[in-house]
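Survey of secondary and tertiary structure
Here is what each chain is made of, one letter per residue.
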Amino acid sequence: MSGIRIWLAATANIADLARHAVGEVLDADPQVIGIGREPAGRPFVVGMPGLHLAVSHTPNLAAVAVTALGPVGVDVEPIRPLPASELARRWFSGSEADWVARHPADFLLLWTLKEAVGKALGVGLRGDGLRRPMPLPPAATLTATVSGLPSMVVAARIHDGLALGLACDSRAALGAPVAISVVAPFSPS
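Now for a description of the structure that goes with this document. (Residues numbered from 1 in each chain as written. Predicted model: local features only at pLDDT ≥ 70, side-chain atom pairs only at ≥ 80, totals over all residues. Heavy atoms only, no water.)

**Thoughts on helix 4 (residues 107–121)**
Compared with the 21 Å implied by 1.5 Å per residue over 15 residues, the 22 Å span of helix 4 between its first and last C-alpha is a close match. Across the 15 residues of helix 4, 13 count as buried, placing the element largely inside the fold. (Helix = DSSP H or I, 4+ residues; strand = E, 2+ residues; numbered from the N terminus. Expected span 1.5 Å × (residues − 1). Buried < 20%, exposed > 50% of the residue type's maximum accessible area, 1.4 Å probe, protein only.)

**With respect to unusual backbone geometry**
With omega at -10°, the peptide bond leading from Leu 136 into Pro 137 counts as cis. Within the secondary structure, Pro 137 is located in the loop between helix 4 and strand 7 (144–146). The phi dihedral of Asp 27 is positive, around 50°, even though this residue is not glycine. With respect to the secondary-structure elements, Asp 27 resides in the loop between helix 1 (14–26) and strand 2 (35–37). Here Asn 60, not a glycine, exhibits a phi torsion of approximately 65°, which is positive. Along the chain, Asn 60 falls in the loop between strand 4 (52–58) and strand 5 (61–67). Asn 60 sits in the exposed class, given a relative accessible area of 58%.

**A word on helix 1**
For helix 1, spanning 13 residues, the distance from its first C-alpha to its last is 18 Å, which sits close to the expected 18 Å at 1.5 Å a residue. Among the residues of helix 1, Ile 14, Asp 16, Leu 17, Ala 18, His 20, Ala 21, Val 22 and Gly 23 are the ones counted as buried. On its buried face, helix 1 sits against strand 1 (4–9), strand 2, strand 3 (43–45), strand 4, strand 5 and strand 10 (178–183). Backbone nitrogen of Ala 15 and a side-chain oxygen of the N-cap are separated by 3.3 Å at the start of helix 1; the cap is Asn 13. (Contact = heavy atoms within 4.5 Å. Polar contact = N/O pair within 3.5 Å; in protein donor to acceptor, adjacent residues only side chain to side chain.)

**Looking at the layout of surface pockets**
A volume near 290 Å³ is recorded for the largest pocket. Arg 37, Gly 41, Pro 43, Val 55 and Lys 119 are the residues nearest the centre of the largest pocket, which is lined by 23 residues in total. Sorting the residues of the lining of the largest pocket by element identifies strand 4, strand 6 (72–78) and helix 4 as the ones contributing at least two each. At six residues, strand 4 tops the list of elements feeding residues into the lining of the largest pocket. (1 Å grid on protein atoms, 1.4 Å probe; cavity = no way out; pocket = protein on both sides within 12 Å on 5 of 7 lines; lining within 4 Å. Points joined across faces, edges and corners; volume = space filled by probe spheres on them.)

**Some words on the sheet that holds strand 5**
On the basis of which strands lie adjacent, the open sheet formed by four strands has the order 4-5-1-10 and mixed pairing. The open sheet has two edge strands, strand 4 and strand 10, and neither has a second partner. Between one strand axis and the next, the sheet turns by 15° as a mean value, whatever way the strands run. (Pairing = 2+ DSSP bridges. Axes fitted to C-alpha atoms, helices over the stretch in contact; angles between N-to-C directions.)

**Remarks on the sheet that holds strand 8 (residues 149–159)**
Read across the sheet, four strands follow the order 6-9-8-7 without closing on themselves; strand pairing throughout is antiparallel. Strand pairing shows two members of the sheet lacking a second neighbour, strand 6 and strand 7, which therefore form its edges. Within the sheet, the average angular offset between the axes of one strand and its neighbour, ignoring direction, is 30°. Pairing geometry for strand 8 and strand 9 (residues 162–169), over eight bridges, is antiparallel. Across the sheet, His 159 pairs through a bridge with Leu 162, a residue of strand 9. Against the sheet, helix 4 engages strand 6, strand 7, strand 8 and strand 9, with an angle of about 150° to strand 6.

**Here's the deal with empty space enclosed by the protein**
Counted by the stated rule, this structure contains two cavities of 30 Å³ or more. Put simply, the largest cavity is a space of about 60 Å³. Every residue lining the largest cavity is listed: Ile 6, Ala 140, Ala 155, Ala 156, Arg 157, Leu 164, Leu 166, Val 178 and Ile 180. Those elements that place two or more of their residues in the lining of the largest cavity are strand 8, strand 9 and strand 10. For the lining of the largest cavity, the element with the most residues is strand 8, which contributes three residues.

Below you can see the structure in the form of structure tokens.
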């Protein structure tokens with residue numbers, strides 16, 4: 001596996017989607033795939049320390065990212081009207097809030113990027129994660145790195161009405177291909 005694979009599904013069962021995704025990568029029966037959680041909540045594939053897994057879910061929507069490149073994070077949000085400038089002023093740094101005021105349609109790209117980085121680090125948004133500086137504008141491919149985190153490679157893009165943020169804590173991910181599979185309707189194997 002040379003890149004990062006992402007699965008998107010209209011499902012509330014993130015564990016089934018994660019087993020399905022890992023089963024596809026390993027060409028294995030999803031029912032025998034074990035998914036565990038680290039103490040901070042990051043998921044992992046039981047017995048596969050070199051395979052990295054990230055999950056994201058909102059009501060009736062789930063995303064799973066799998067890679068062998070390094071710790072990965074993914075976040076997905078449906079594109080919807082939001083008070084972008086107000087939210088950015090509350091949660092982001094001053095320079096990012098100013099940028100969102102000029103680019104309100106890109107608020108969710110920046111938000112999902114921050115979430116994805118927190119997941120790749122295994123800490124979520126704890127420790128001022130929403131104030132962690134991100135590249136502006138967010139790159140649509142894995143070509144940008146995060147200031148202060150030299151190995152963190154990031155991308156954010158719109159895909160079928162969804163804001164999708166992706167991060168991988170490995171310089172090997174720089175320029176890596178990203179494949180997105182839409183599993184709809186999703187049913188566990």
